[in-house]
Amino acid sequence: MRTILHIIKKEFLQFKRDPKMFGIILIAPVIQLIFLGYAVTLDVNTVHTLVYDQDNTKESRNFIESFTSSGFFKVDYYAGNYDQLKQKLDKGNIIFALVIPRDFSEKIARRETSPVQAIFNGSDGNTASISAGYVATVVQGYSQNILMSYMDKSGRKLLPTGRIEPEMRIWYNPELLTRHFMIPGIVGLLLSIITLILTSLAIVKEKEIGTLEQLIVTPIKSYQLIMGKLIPFVILGFIAVIIVLTAMSFIFSIPVRGSILFLFFCSFLYIMSTLGLGLFVSTISKTQQQAMMIAIFGVMMPMVFLSGFAFPIENMPKIIQYISYLIPLRYFMTIIRGIILKGIGFAELWRETSILLFMGIVILYLSSLRFHRRLE
Amino acid sequence: MNLNRIRAVAKKEFKHLFRDYRMLAILFLFPVFLLLMFGYAVNFDVHHIKLVVYDQEYSEVTRTMVKDFTNSEYFDLIGYVNDAHKLKGILDDKIAQCIVVIPSDFSRKFYSKRTVKVQVLIDGVDGNTASIIQNYLTVAFQSYGQNLTVEVLEKNGMKNYQPIDLEARFWYNPDLQTTRFLIPGLIAMILLITAAISVSLSLVREKERGTMEQINVSPVSSFELIAGKILPYLLLALIDAALILLVGYLLFGVEIKGSMILLFITTLIFLTASTSIGILVSVIADSQQVAFSMATFITLLPSFILSGFVFPIESMPWPVQILTNITPAKFFIEIMRAIIIRGVGVSSFWDQALYLILFTTVIILLANIIYKSKESRA
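The rules behind each value
Residues numbered from 1 in each chain as written. Chains lettered and ligands numbered in written order. Predicted model: local features only at pLDDT ≥ 70, side-chain atom pairs only at ≥ 80, totals over all residues. Heavy atoms only, no water. Helix = DSSP H or I, 4+ residues; strand = E, 2+ residues; numbered from the N terminus. Rg over C-alpha atoms; globule rule 2.2 N^0.38 Å. Buried < 20%, exposed > 50% of the residue type's maximum accessible area, 1.4 Å probe, protein only. Areas by Shrake-Rupley, 256 points an atom, 1.4 Å probe, with all protein chains shown as cover. Lys, Arg positive; Asp, Glu negative; His and termini not counted. Charge placed at Lys NZ, Arg CZ, Asp CG, Glu CD. 1 Å grid on protein atoms, 1.4 Å probe; cavity = no way out; pocket = protein on both sides within 12 Å on 5 of 7 lines; lining within 4 Å. Points joined across faces, edges and corners; volume = space filled by probe spheres on them. Nonpolar A, V, L, I, M, F, W, Y, C, P; charged D, E, K, R; others polar. Contact = heavy atoms within 4.5 Å. Buried area = accessible area lost by both parts, 1.4 Å probe. Salt bridge = Lys/Arg side-chain N within 4 Å of Asp/Glu carboxyl O. Pairing = 2+ DSSP bridges. Axes fitted to C-alpha atoms, helices over the stretch in contact; angles between N-to-C directions. Parallel < 35°, antiparallel > 145°, perpendicular 65-115°, else oblique. Expected span 1.5 Å × (residues − 1). Bend = angle between axes of the 7 residues up to and from the residue. Phe/Tyr/Trp six-rings, centres within 6.5 Å; stacked < 30°, edge-to-face > 60°. pLDDT = per-residue confidence, 0-100. Core = buried A, V, L, I, M, F, W, Y, C linked by side-chain atoms within 4.5 Å. Left-handed = near helix turned anticlockwise from the far one by under 90°.

Draft legend 1. Just the overall build of chain A, in detail. Regarding its fold elements, chain A presents 14 helices and five strands. For a compact globule of 376 residues, the expected C-alpha radius of gyration is about 21 Å, and chain A comes in at 29 Å, more than 25% above that figure. Taken over the C-alpha atoms alone, chain A extends approximately 100 × 50 × 40 Å along its principal axes. Every one of the 376 residues in chain A was classed for burial, and the buried ones make up 57%. In the form shown here, chain A has an accessible surface area of approximately 16200 Å², with 62% of it arising from carbon and sulfur atoms. Taking the 36 positively charged and 25 negatively charged side chains of chain A as two groups, their mean positions are separated by 10 Å.

Draft legend 2. Structural view of empty space enclosed by the protein. If you walk through the whole model with that rule in mind, you get four cavities of 30 Å³ or more. Lining the second largest cavity are 12 residues, and of these A:Leu42, A:Phe181, A:Ala310, B:Asp126 and B:Asn128 lie nearest its centre. For the lining of the second largest cavity, the elements supplying multiple residues, two or more each, are α7 (178–209) of chain A together with α6 (127–155) of chain B. The element best represented in the lining of the second largest cavity is α7(A), accounting for three residues. When grouped by side-chain class, the residues that make up the lining of the second largest cavity number eight nonpolar, three polar and one charged.

Draft legend 3. Main features of the side chain of B:Thr327. For B:Thr327, the position within the fold is in the loop between α12 (318–323) and α13 (328–342). When sequence neighbours within four positions are dropped, the list of residues in contact with B:Thr327 reads B:Pro302, B:Ser303, B:Leu306 and B:Ser307.

Draft legend 4. Structural detail: the interface of chain B and chain A. At the junction of the two partners, chain B supplies 116 residues and chain A supplies 117 residues. At the boundary of chain B with chain A, total buried surface from both sides reaches about 10600 Å², with 66% on carbon and sulfur atoms. Counting across the interface, chain B meets chain A through one salt bridge. Take the side of chain B that touches chain A: its biggest share by element is 17 residues, from α6(B). By residue class, the composition of the side of chain B that touches chain A is 67 nonpolar, 26 polar and 23 charged. Where strand β4 (residues 114–121) of chain A meets strand β5 (residues 164–171) of chain B, eight bridges bridge the pair, whose relative direction is parallel. Bridge pairing in β5(B) places A:Val116 opposite B:Leu166.

Draft legend 5. Representation of the packing of helix α11 (residues 288–306) of chain A against helix α2 (residues 21–41) of chain B in the model. For the pair α11(A) and α2(B), interaxial distance at closest approach is 10 Å and the crossing angle is 10°. Taken together, the axes of α11(A) and α2(B) lie roughly parallel to each other. On α2(B), the residues that touch A:Gln289, A:Gln290, A:Met293, A:Ile294, A:Phe297, A:Gly298, A:Met301, A:Pro302, A:Phe305 and A:Leu306 of α11(A) are B:Arg22, B:Met23, B:Ile26, B:Leu27, B:Phe30, B:Phe33, B:Leu34, B:Met37, B:Phe38 and B:Ala41. Grouping the amino acids of the contact of α11(A) with α2(B) by side-chain chemistry returns 16 nonpolar, three polar and one charged.

Draft legend 6. Quick peek at α2(B). With 21 residues, α2(B) extends 29 Å between its outermost C-alpha atoms, agreeing within 8% with the 30 Å of an ideal straight helix rising 1.5 Å per residue. Of all the bends in α2(B), the greatest reaches close to 30° and is centred on B:Leu29; the proline B:Pro31 follows between one and four positions later. Those residues of α2(B) that fall on the buried side of the exposure criterion are B:Met23, B:Leu24, B:Ile26, B:Leu27, B:Phe30, B:Pro31, B:Leu34, B:Leu35, B:Met37, B:Phe38, B:Gly39 and B:Ala41. At its buried positions, α2(B) is contacted by α11 and α12 (318–324) of chain A together with α1 (3–19), α7 (178–209), α9 (222–252) and α11 (288–305) of chain B.

Draft legend 7. Here's a closer look at the sheet that holds β4(A). With respect to topology, five strands assemble into an open sheet ordered β2(A)-β1(A)-β3(A)-β4(A)-β5(B), the strand pairing being mixed. The two strands at the open ends of the sheet, each matched to only one other strand, are β2 (73–78) of chain A together with β5 of chain B. Strand after strand, the sheet turns through a mean of 25° between neighbouring axes, direction not considered.

Draft legend 8. Up close: the packing of aromatic side chains. What the rule picks out here adds up to 20 aromatic pairs over all chains. With a centroid separation of 5.3 Å and 80° between ring planes, the pair formed by A:Phe63 and A:Phe67 is classed as edge-to-face. Of this pair, A:Phe63 and A:Phe67 both sit in helix α3 (residues 58–68), four residues apart, which is roughly one turn of the helix. By the burial criterion, A:Phe63 is buried, and A:Phe67 matches it. Ring geometry for B:Phe110 and B:Tyr111: centres 5.4 Å apart, planes at 85°, overall edge-to-face.

Draft legend 9. Geometry of the confidence of the model for chain B. When pLDDT is averaged along chain B, the result is 83, and 97% of the positions lie at 70 or above. Listed scores for the predicted complex are pTM 0.76 and ipTM 0.71.

Draft legend 10. Up close: the pattern of salt bridges. Residues and elements named next belong to chain B. Applying the stated rule across the entire model yields 20 salt bridges over all chains. Among the salt bridges present, the one from Glu 13 reaches Lys 12, with a minimum N-O distance of 3.8 Å. Judged by relative accessible area, Glu 13 falls into the buried class, the value being 0%. Each of Lys 12, Glu 13, Arg 205, Glu 206 and Lys 229 takes part in a single network of salt bridges with overlapping partners.

Draft legend 11. Inspection of the sheet that holds strand β3 (residues 98–102) of chain B at higher detail. On the basis of which strands lie adjacent, the open sheet formed by five strands has the order β5(A)-β4(B)-β3(B)-β1(B)-β2(B) and mixed pairing. On the outer flanks of this sheet lie β5 (164–171) of chain A together with β2 (75–80) of chain B, each paired with one strand and no other. If you compare each strand with its neighbour and ignore which way they point, the axes differ by 25° on average. Across the sheet, helix α3 (residues 60–71) of chain B touches β5 of chain A together with β1 (49–55), β2 and β3 of chain B, and the angle it forms with β2(B) is around 140°. This element, α6(B), spans β5 of chain A together with β1, β2, β3 and β4 (116–123) of chain B of the sheet and lies at about 165° to β5(A).

Draft legend 12. Examining the nonpolar core more closely. If you look at the biggest cluster of nonpolar residues, it comprises 194 residues, and the most contacted ones within it are A:Leu85, A:Phe297, A:Phe309, B:Ile187, B:Phe304, B:Ile305 and B:Phe309. Residue contributions to this core peak at 18 residues, all from α7(B). Those residues in contact with B:Ile305, other than ones at most four positions away along the chain, are A:Phe35, A:Leu36, A:Ala39, A:Val40, B:Phe311 and B:Met316. Counting 28 residues, the second-largest nonpolar core is a separate cluster that includes B:Ile49, B:Leu51, B:Val61 and B:Ile132.

Draft legend 13. Region of interest: the environment of B:Ile99. Residue and element names in this part refer to chain B. With respect to the secondary-structure elements, Ile 99 resides in strand β3. Measuring from C-alpha to C-alpha, the distance between Ile 99 and Asp 68 comes to 16 Å, with 31 residues separating the pair along the chain. Ignoring any residue separated from it by four or fewer positions in sequence, one finds Ile 99 in contact with Val 52, Leu 87, Ile 90, Leu 91, Gln 119, Val 120 and Leu 121.

Draft legend 14. Molecular detail of the packing of α7(B) against α13(B). Residue and element names in this part refer to chain B. Interaxial distance between α7 and α13 falls to 9 Å at its minimum, and their mutual angle equals 135°. By the angle between their directions, the pair α7 and α13 is classed as oblique. Crossing hand, α7 versus α13: right-handed. Contacts from Arg 180, Phe 181, Pro 184, Gly 185, Ile 187, Ala 188, Leu 191 and Leu 192 of α7 reach α13 at Ala 329, Phe 332, Ile 333, Met 336, Arg 337, Ile 340 and Ile 341. The residue makeup of the contact of α7 with α13, split by class, is 12 nonpolar, one polar and two charged.

Draft legend 15. Local environment of the pairing of strand β3 (residues 96–100) of chain A. Residue and element names in this part refer to chain A. In terms of burial, β3 is largely enclosed, as five of its five residues are buried. Of the pairings in the sheet, the one linking strand β1 (residues 47–53) to β3 comprises five bridges and is parallel in character. What sits directly across from Leu 50, in β3, is Ala 97.

Structure, rendered in structure tokens:
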């Protein structure tokens, strides 16, 4: 126990000697949080629009007005010909171009169907399809208004039925903010970065400088060395988690609805897996550069993409969904989102919790074994 | 400046790289791996939404409506419930993503020309998915109501009439493929990582091991050293970019619509910008750990979040929109999308290219100033 404490002390001394590192570890999460909180959104608030109005009548201007008054569209340009439209789309200035034909108002007055063209910049598929949804809704509403006005003139009701009006209630995140989804995930991400990448770097550094051999010839046992090397990063990880949770509730007012104690307990279970993986990376790499690359590309990136951190697992192909069951972060993401956003606890999350416990023990045990064998 | 000395440094760095076969394998394999990941795993198209129905009317009309919804690929019916108390647990345990609650007077109200309110409960944890579900359901209810109306109209011998026929067209990417959109960003990210991070690590490694001082006393000037150190990584990064484009074409059918030469030139400009960041980091950091943390923090994070790679810049609040200009990836991604997806020429992106050159100059100057002030202190 004494020996372990000494190694921990040595590690912390090293932190202290390198204040830049310490600053990065503590400040980076907060800046990351602010970035993710404010910048990450897939919502489309403003559809930059170009209008090519060949009709240019009161009716067509009303039609354009119905777009701008919906609040989603901002008409940036009016085009006088087709070339201007093409040029703006090519340059990428606009997402959506509305083309109103010359006989638009005439046809509507004659109760004929008038075609209207909507051209979207499809390079960003997500934005394009969301914008297309807005356009469809506006056009639908405008059509309905035209029908209604007919009804008034002839004095009889055109529609023989009522309407179905869905009343949407969004649970857990009523304003549909992407940040409520992303920020709790950052807790998982940060814990992974600190306990996985930094641990492996710290161990490989000793290898690279040659001090690991000096440590081996001392009477320190390999389990003591492992513990001493890992514990400081566990402490750092928890400090980062506390910072993130505090910033989360103060800056973005996302409180933790469930039990914080349970959250810490689960974080500990999760850290066992990441420490194990970090240890494993350190056994297969010789230089810090290698360790970093393997840790980022081989472990972190798949974890981030397949854990449901940003991209919903339900949308992925079946095979990839099966692979995602092997990712510990997947279970931890479900747990933190459950605790923070839904306020649920062990009763609902016992399955994920036990899987994390099992994975943690297996990964940490196997990696320590490998590390131990490498030392000898 | 002496070309021979640059060549000598580059040769040494090449040897370092090629002796390190693991590093080399990583630098070549992982871009492809990342592309596969992005191509298959990153998908914002929401299909097979898990739906639970609490149908208080349970008539022919409401059952057809549910069947109508679940006939499409958008909704999968998980089941019916008949107890309002069970609803909370369904969303809590992620059994379903949305619940439709049909009132008991659905048909009666609808056919007596009144508005029927149907309650929908949606799991909002993932805001993006939730708003897409919301859109789908709005459209689904709308079109089902319309179908019923047309049915009644036709029974009464009247014709349905639609004032406006909307014809939507998607240019550049007609099938709205996400991969086509993501590949330019992916190339930018991988180039930044190989160029900025690897260059800074390889420079700082010399500092950390003390070999930098040996080089300092040799006739190699700092410009020659940096140029020689950068060359191998530039070459590697270019090969990586070509590899991604090739795999993107073979696996995902992403073609380059514009000019290859332009693509090559702009890539070189971007690579210089990325290596300038690497140089700046190597001037500040004294250990590889610090260099690594700094480099990932100032390259990887902004290039992922602020570059418009995945998240549209137009939707960010304006202070953040201004902030997005700190990442060169933003400009390179715009250029790449212009060339690869839209196939347009220089006239559409010369300003972005100019900005990248300006960016590089500023960063190099900054690195120079910091280097000088550090030396004068030492």
